[in-house]
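# Structure assessment
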Amino acid sequence: MMRTVSADETAPTTHPWAVHAEELRVRAGRHLAVDGLDLALGTGVHGLLGPNGAGKTTLMRALATVVKPAGGRLTLLGEAVDGRADLRRVRRGLGYLPQQFGFYPRFTVREFVEYMAWLKEMPKAAVPGAVQRAIDRVGLTAKAGARMKTLSGGMLRRAGIAQAIVNDPAVLLLDEPTVGLDPEQRLDFRELLRDLGVDSCVLVSTHLVEDVVVACTDVVLINEGRLVYQGTPDDLVTRGGQGDAGDSAAERGYSALLRRHRAEAGR
Amino acid sequence: MTTHPNPTVITRYADPAADLDEVTVWAVEVHLEGCADCRALVAGSTADDTRALLARVAAGIDDGITTGPAPERRRSWSATPQRWLVWHLVPWLTMTVGVLACAVLLQALTPGLPSLVSLLAPVAPLPGVAIAWSRRHDPAWELIAGTPAAGLTMLLRRTAAVLAVVVPALALASDRAGISLALTLLPCLAFTAATIALGAFVGVRRAALGLGTAWALAVIMPAVVTAELPVVLRAGSSPGWALLTLTLAGFALLRADNFRRLSSHN
Ligand SMILES: [Zn+2]
């Protein structure tokens, strides 16, 4: 009879896309790792796929406003973030888990997430509650008081996810979040992703095609810094044939798209 | 909130089997939010199994509260980030203070040489500032660089932490060595501002390294060789240092946006 109305449906939006890149170019060292990428992402969970060196991490860093684009246009939540823009307002709405992230080994999990909440300029009164909720959501409640240096790889990853979601970001960027998680934790994580994707724009970079098919509403495939394909997981599955490499229909679809793209680029 | 819904409507609202149209349900719901009497009526007309369920839920919650973890003690968590910085800076600041103490001692032993405290004052804060703002030394750099707090304000806060140690040490050293306080503190502040201003372009660490080396080669070495205090550190030069500090600080403020990103040269 009644259904839950998500925050996303009632909030006034002044921008058509949460993430909008046009002809985006980003350098990694001297090399242009993202080279003329066009991408538009709205609410939902988007899985970012691509071979090693495709520019996934560099793209993530540019979207996280950590590195400055070398060219093109990039808009986050309706605000331009290329050039000399004031990034403060946009950054309050961002969550970012880098592929490798450092931390202060003597901090406890709670102190780490609190520090990040403070850096994200959250209202002081909201911090303790938000920190507890983020730690609960990643399943680290029992470890909240443990020092970061005592955590296993999977727990560290989850602490990293907790700091990324602590401010309820409108744009959440997770670079290889499932590395180090055991199968059961990965299932929990997929559940969390679906939950987060209800009213924010989540971009998850991964090398696991299966994760994308199960947990994402949208697949983004890039190669050599350019967009190769954007579509639904169901559509990705139909792209592969019997002759393509891969153990599942989705993996075969992934290989087929890449092969076709390389053939076209080679011509 | 004066017209209460008809009690039969409330009974039908509470009964999951009764068929009540959506408009009436909404109206009752809105009224219930503000009327305790009618809420009591709803509670009274719920079926026994519903009441049993609610009692079970309440017992479960009570049980969870008593057996679950104790509420986290409220701490002054804003002290946490500073704790890391303080521990990290301790060895470098100890070294700075040690070098200044040696300078005081040497100056007492060799009265013929120009004041070593004056010569070292400009570069005294540089190692600390370089360490406080360096991605090699801050493990969480990439995480921090993506937050709204990252930027010149944070650099200034960390610089202030360094100066909080270096300035009193310099004041004490210049007092012991019997030289003008203005001629040690103003060059110290000018070089700090210069490091930040130059750091906007080449990174704070490189700026500190470059300025320190330049000062050593252009001023300290000739002064030691000629045994004469350079003109820039003699009495009367303090207005110049003050002006330089203000200019460089203003310039650094204009370049504030250069500190917002993780740039490769930090
Ligand atoms: Zn009433």
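Residues numbered from 1 in each chain as written. Chains lettered and ligands numbered in written order. Predicted model: local features only at pLDDT ≥ 70, side-chain atom pairs only at ≥ 80, totals over all residues. Heavy atoms only, no water.

Under an unreviewed UniProt entry, the name given to chain A is ABC transporter ATP-binding protein, and the organism recorded is Actinoplanes auranticolor. According to UniProt, the comment filed for chain A under the heading Sequence similarities (unreviewed entry) is "Belongs to the ABC transporter superfamily." (UniProt positions renumbered as here; feature names shortened; annotations may be inferred.)

Residues and elements named next belong to chain A. Of the two faces of strand β6 (residues 94-97), the one holding Leu-94 and Tyr-96 and the one holding Gly-95 and Leu-97 are both buried throughout. The sheet contact formed by β6 and strand β7 (residues 171-175) spans four bridges and is parallel. Residue pairing across strands places Leu-97 opposite Leu-174, the latter belonging to β7. (Buried < 20%, exposed > 50% of the residue type's maximum accessible area, 1.4 Å probe, protein only. Helix = DSSP H or I, 4+ residues; strand = E, 2+ residues; numbered from the N terminus. Pairing = 2+ DSSP bridges.)

In this section: the sheet that holds strand β5 (residues 79-80) of chain A. Residues and elements named next belong to chain A. The sheet built from four strands is open, its strands ordered β2-β1-β4-β5 with antiparallel pairing. Two strands in the sheet have a free side with no partner beyond their single neighbour: β2 (31-41) and β5. Judged from the five bridges that link them, strand β1 (residues 19-28) and strand β4 (residues 71-76) form a sheet pairing that is antiparallel. Looking at the pairing, Ala-21 lines up with Leu-74 of β4. Along the sheet, helix α2 (residues 56-63) makes contact with β1, β2 and β4, crossing β1 at roughly 115°. (Contact = heavy atoms within 4.5 Å. Axes fitted to C-alpha atoms, helices over the stretch in contact; angles between N-to-C directions.)

Counting residues at the interface gives 34 residues for chain B, matched by 41 residues for chain A. The contact between chain B and chain A buries some 3500 Å² in all, and 60% of this surface belongs to carbon and sulfur atoms. Inspection of the chain B/chain A interface yields one salt bridge. A salt bridge links Arg-61 of chain A to Glu-142 of chain B, with the shortest nitrogen-to-oxygen separation between them at 2.9 Å. The interface formed by chain B and chain A holds five residue pairs in polar contact (both at pLDDT 80 or more) in total. Class assignment for the residues of the side of chain B that touches chain A results in 16 nonpolar, three polar and 15 charged. (Buried area = accessible area lost by both parts, 1.4 Å probe. Salt bridge = Lys/Arg side-chain N within 4 Å of Asp/Glu carboxyl O. Polar contact = N/O pair within 3.5 Å; in protein donor to acceptor, adjacent residues only side chain to side chain. Nonpolar A, V, L, I, M, F, W, Y, C, P; charged D, E, K, R; others polar.)

Residues and elements named next belong to chain A. Pairing is mixed in the open sheet, where six strands are placed in the order β6-β7-β8-β3-β9-β10. Looking at strand neighbours, the two that pair on one side only are β6 and β10 (226-231), the edges of this open sheet. On average, each strand axis in the sheet is tilted by 15° relative to the strand beside it, whichever way the strands run. The sheet strands contacting helix α6 (residues 153-165) are β6 and β7, and the helix crosses β6 at an angle near 165°.

All right, on to helix α7 (residues 183-196) of chain A then. An ideal rise of 1.5 Å per residue puts 20 Å on 14 residues; α7 of chain A measures up with 20 Å between its terminal C-alpha atoms. Against the buried residues of α7 of chain A lie β3 (44-49), α5 (127-137), α6, β7, β8 (201-205) and α8 (209-215) of chain A. (Expected span 1.5 Å × (residues − 1).)

On to the pattern of salt bridges, then. Residue and element names in this part refer to chain A. Under the definition given, this model contains 14 salt bridges over all chains. Residue Glu-22 pairs with Arg-73 through a salt bridge whose shortest N-O separation is 3.7 Å. Remark: Arg-73 occurs in strand β4 and Glu-22 occurs in strand β1; sequence separation between them is 51 residues. Given a relative accessible area of 27%, Glu-22 falls into the partly exposed group. With its nearest N and O atoms 3.2 Å apart, the salt bridge here joins Arg-239 to Asp-235. For Arg-239, a relative accessible area of 31% corresponds to the partly exposed category. Among the charged side chains, a network of salt bridges with common partners joins Arg-88, Arg-92 and Glu-121.

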